[in-house]
Amino acid sequence: MSANQETGSSSSLLEVRNLSVEFPMRRELLRVVDDVSFTVQRGEILGIVGESGAGKSMTGSAIIGLIDPPGRIATGEIIFDGESVGQHAEQLRGKRIGMVFQDPLTSLNPLRKVGDQIIETIRTHLAVSASDAHKRMQAAMEEVGLDPTRAKAYPHEFSGGMRQRAVIALALCAEPALIIADEPTTALDVSIQAQVLDLLKRVCKDRGASVMLITHDMGVISETTDRVAVLYQGKLVEVGQTRDIIERPQHPYTEALIACTPTIEGGSFGRDLAQIDRSEGHGAKGEFYVREAQDSQSTETVTNTATANTTPFLVAEGLSREFDLSDPWLVRMLSFRRKKILHAVSDVSFQIERGTTYALVGESGSGKSTIARMAVGLLAPSSGTVTIDGVNLNDNELGTEARQALRRRIQMVFQSPYASLNPRWRVGNILSEPLRAFGLAKGFETDRVVELLEQVGLAATDAKRFPHEFSGGQRQRISIARALASEPEFIICDEPTSALDVSVQAQVLNLLKQLQRDLGLTYLFITHDLAVVATMASHIGVLQSGNLVEEGKCEDLFANAKSDYTRMLIDSAPRL
Amino acid sequence: MKRFFASDFFYDFCRSPVTVVSFMVMMLLLLSAIFASFIAPTNPFDPASLNLMNGFTPPMTPNEFTGNTFWLGTDDQGRDLFSAILYGLRVSLFVGFSAVLLAMLIGISLGLIAGYIGGWIDAAIMRIADIQVTFPSILIAMLIFGVTRGLLPPDQRDELAIFVLIISIGLSEWVQFARTVRGATLVEKEKEYVAAAKLMGLGRAQIMRRHILPNVLGPVLVIATITLAIAIIAEATLSFLGVGAPPTQPSLGTLINIGQDYLFSGEWWILLFPALTLLTLALSVNLFGDWLRDTLNPRLK
């Protein structure tokens, strides 16, 4: 990759030369960063992008000398401001190099007031008086958009976005020349992500500081950075101007990474995303195959043949759910507290046509998962009804058999690929359990399990393995296979790809679409990611704190959203 | 088996010499207890084989009347101490294992029910547990032991003493298991694989037994090892106090009880060897349990 190697000029603030990081494991030497070289210029934002395991966080940790033993820097040199870092990383960190981590809840001390933490950092790094430090603290809070009168608040009194602002204030207060931000917005909602990224950009410009932004999100890179370095399995595949790389990627991996990122524009609905098929298991490390984006058969044709009757498949009417968060009765009486009721969902109504995908979009706390649980019958609504194909889901009159018959038709794919499969069960048992529960494929269970595995692109031999032997994407396939086992008509997907890398996300989304075409499935798709919605759904409902603020056809909604909230969501979604 | 030897678990085990030694000692004691009737030179429970003339023979010295030599000496009745210890070990381990099994059975079931069903059932079970831990467990065992013995007809008391012992120790040690299992169940029941099972229409009992139980057993195994040591010591304590295993079927505790009568009259061996055996057993089980806890609990790493 000699074409991509950069030579450090005198103006570069940070130069990383041939950096390799190794982890000696019991059986092998893991090389998590392999011969990576790049520079960060003064005042620029450099993005480091890659999927999980690409070594991007490790590169950041290596620069500030925070690699956990037994990991070690095997070769290479890090030059900061003309001097080799070597053993001085400790003196630079916090002072010349500030850090912002992913989880703002753990990077602030929960027992100390936010203002005190900022003052402490200022006084550690700068020789200033107490009153001067106090003034600087107030200025720092103002700079990141926090109200200085809230300096006496504890971290838990702040929202996620405010906490991340406080962490940025902490990183800034020693006036560093470089800020390393490791996935600073991954735990945040899109609207807050946009604010935090804007803040980072502004700070970088105002102070002339450089930022090294580590992220997995191509959209964030495109919106924020000046230059970008793409890492794949520990190796630097490409580095250059962000615009150039996104528009004219030189390396096939970068090209594929961009192609498999779903976007709001570009009419990706009805098209399969490009996907990166990795040789999982024994294939040579780093090998991958790119499958081009392709036009899928229009879902409309399937819909037309499948719907002889035009009544909608699922009707939710006036759906509400409250959660009682109040103290026990006795405590309440003694402390004169009132009942605390959380209205998670209030009066939500929508319909889903047979064979289509309806997406519910919303930020955290909007009640989308609560609706999903009510739609499958895991949670009873406080008021309102869910009717599936004319049958009320929460009808108490429903007999055991009728209820079981209804359950068979509705299944769910869950968010976490780790918690959704019982870790003590073999995959074969996981897949045959619904067959036994619904009395299906009696005597042919093993054949059916093999069929299901092949349907989701896994091998028949995988039935003998345990869930921990699979990657996140493969586990999500198993989860889909389990949902398919009972031959359902309706599948609820609750954030099925939010824990996955983009390339794997593309595989799973393509699989879901293909299954919809083949089996005429109806989906209720729950997600926070508008770009995913744009590739998956024909209808969208936008949720805000338990209320359905807007719904409509996908294209209409993106083209002219009526509510301010929807427009804000669309605007703040990062795009390429 | 091959996979076991290649596992991190086995690797970790080999890297800790203390654990390897304690495990070997534990297994040695366990095997000698199981095969006591083949290893022991005499059967200490067979009155025909006893010779009162052999009484109080010191270790490794010939008896002045009969000329017989005993490795660890004999007690007041002329019983070979080495054989008595092996048989006593058997009683101690049997009581220990059975008591732990009983405690596990009660604790796991109640913990699962309390954690999964919740509500007032949870409150009731856990309050009973709370009340029970405010008493020292040995006191509870003595109480149960006393009451149960009182209810039994006098001619069966000695015969059933061992089982009464198991029940009393088992009932006094279930709380730990119930609390641990309840905590783990509270975590597991919120996981999505449980929701998936609910979607298949599985009943509560099935979900608890088939899905949650296998996932809460890890910490239970650790507590079981540590409770085993506690149960063995509890049994010895009860027997030492004279309320446990009867002298006709002595456990290590009974032997220590007999021995303490003679300690100050010069016959030290009657006390020392059973006591050393008990110490070694409890220590090796405890050390192994500690290692197991550290290895199986990823939060400590």
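Residues numbered from 1 in each chain as written. Chains lettered and ligands numbered in written order. Predicted model: local features only at pLDDT ≥ 70, side-chain atom pairs only at ≥ 80, totals over all residues.

J.: So, the overall build of chain B: which residues are in play, and what are the values?
T.: Looking only at helices and strands, chain B features 13 helices and zero strands. Along the longest, intermediate and shortest principal axes, the C-alpha atoms of chain B span 80 × 50 × 30 Å. Summarising the internal contacts of chain B: among those between residues at least 6 apart in sequence, 68% fall at separations of at least 24. (Helix = DSSP H or I, 4+ residues; strand = E, 2+ residues; numbered from the N terminus. Contact = placed C-beta atoms within 7 Å.)

J.: Can you lay out the interface of chain B and chain A for me, pointing to particular residues and giving the numbers?
T.: Interfaces are frequently sized by the accessible area removed from exposure as the parts join. Between chain B and chain A, the contact holds 14 residues from the first and 20 residues from the second. Listed by contribution, the elements that provide at least two residues to the side of chain B that touches chain A are α10 (192-199) and α11 (204-240) of chain B. Looking at side-chain class alone, the side of chain B that touches chain A contains eight nonpolar, three polar and three charged residues. (Nonpolar A, V, L, I, M, F, W, Y, C, P; charged D, E, K, R; others polar.)

J.: Run through α10 of chain B, naming residues and quoting values.
T.: Burial within α10 of chain B is extensive, with six of its eight residues counted as buried. Turning to α10 of chain B, its buried residues are Glu192, Tyr193, Val194, Ala196, Ala197 and Leu199 of chain B. Tucked inside the fold, the buried residues of α10 of chain B contact α12 (368-376), α13 (400-409), β20 (410-413) and α16 (472-485) of chain A together with α9 (174-188) and α11 of chain B. Directly after α10 of chain B, the chain includes Gly201 of chain B, whose backbone phi takes a positive value near 80 degrees. (Buried ≥ 20, exposed ≤ 12 C-beta atoms within 10 Å, placed from the backbone.)

J.: Can you break down the nonpolar core residue by residue, with the values?
T.: Among the nonpolar cores identified, the biggest contains 240 residues, and Ala169, Leu178, Ala375 and Leu524 of chain A are the most heavily contacted of them. Top element by residues in this core is helix α5 (residues 81-117) of chain B. It accounts for 20 residues. The residues that make up this core include at least three from each of domain 1 (103-173) and domain 2 (303-572) of chain A. Setting aside chain neighbours within four positions, we find Ala169 of chain A in contact with Ile118, Ala140, Met141, Val144 and Leu146 of chain A. (Core = buried A, V, L, I, M, F, W, Y, C linked by C-beta atoms within 7 Å. Domains from an automatic or database assignment.)

J.: Break down the sheet that holds strand β5 (residues 83-84) of chain A for me, citing the residues and quoting the values.
T.: Residues and elements named next belong to chain A. Ordered in space as β2-β1-β4-β5, the four strands form an open sheet in which the pairing is antiparallel. Whereas interior strands pair on both sides, the edge strands pair on one side only; in this sheet they are β2 (29-41) and β5. Bridge count for strand β1 (residues 12-24) against strand β4 (residues 72-80) is seven bridges, and the pairing is antiparallel. Each bridged residue has a counterpart across the sheet, and for Val21 the counterpart in β4 is Ile73. (Pairing = 2+ DSSP bridges.)

J.: Provide a residue-level description of the environment of Val216 of chain B, including the pertinent values.
T.: All names here are of chain B. Considering the arrangement of structural elements, one finds Val216 in helix α11. Exposure remark for Val216: the 22 C-beta atoms within 10 Å place this residue in the buried category. Beyond its immediate chain neighbours, meaning those up to four positions away, Val216 contacts Val181, Ala184, Thr185 and Glu188.

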